[in-house]
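# Analysis of the macromolecular model
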Amino acid sequence: PGKTIATAQPTAVQWDGTPLGKGETMVLLWENTEEGQTVPMEVSTTSGRPQIDIPAVKMKDITPGDWTLYLVRKKLSKNKVADLPVNTILEYYTKAIEVKVTK
């Protein structure tokens, strides 16, 4: 998002790189330290694009104010080691993105 987004309008988050693949999800982790709020939004499909469209109805979960947004890309990997199933979850975090949210 840009520096300012409005809760009454849909918005989109784009990134450089590949869209989500099999076994991947993206969590938009919104944090407002002044209000003591953390709002996670989890997405498992991006329609083959490196972009998440957030409808206005979901933006209403974010109250107006100064927020920090982190994108967390999660990948589930399933393997076998010596015939034992091994599940791994990898998480990749972006740097903090400062966002001003208005009505």
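Our subject in this report is the structure included herewith. No experiment lies behind these values; they were computed from the predicted model shown. (Residues numbered from 1 in each chain as written. Predicted model: local features only at pLDDT ≥ 70, side-chain atom pairs only at ≥ 80, totals over all residues. Heavy atoms only, no water.)

### Some words on the pattern of salt bridges
For the structure on display, the rule yields five salt bridges. The shortest N-O distance in the salt bridge between R73 and E24 comes to 3.0 Å. Remark: E24 occurs in strand β3 (residues 24–32) and R73 occurs in strand β6 (residues 65–81); sequence separation between them is 49 residues. Of the residues examined, R73 reaches a relative accessible area of 14% and is grouped as buried. With a relative accessible area of 11%, E24 lands in the buried category. (Salt bridge = Lys/Arg side-chain N within 4 Å of Asp/Glu carboxyl O. Helix = DSSP H or I, 4+ residues; strand = E, 2+ residues; numbered from the N terminus. Buried < 20%, exposed > 50% of the residue type's maximum accessible area, 1.4 Å probe, protein only.)

### Things to note about the nonpolar core
Counting 19 residues, the largest nonpolar core has M26, L28, W30, I52, I54, I62 and V101 as the members making the most contacts within it. Elements supplying a minimum of two residues to this core: β3, β4 (37–43), β5 (51–54), β6 and β8 (97–102). Residues contacting I54, with those up to four places away along its chain left out, are P10, T11, V13, L28, W30, M41 and M59. (Core = buried A, V, L, I, M, F, W, Y, C linked by side-chain atoms within 4.5 Å. Contact = heavy atoms within 4.5 Å.)

### A look at the side chain of E24
At 3.0 Å, the side chain of E24 and the side chain of R73 are in polar contact. In this structure, E24 is in contact with P19, S44, R73, K74 and K75, ignoring residues within four places of it in sequence. (Polar contact = N/O pair within 3.5 Å; in protein donor to acceptor, adjacent residues only side chain to side chain.)

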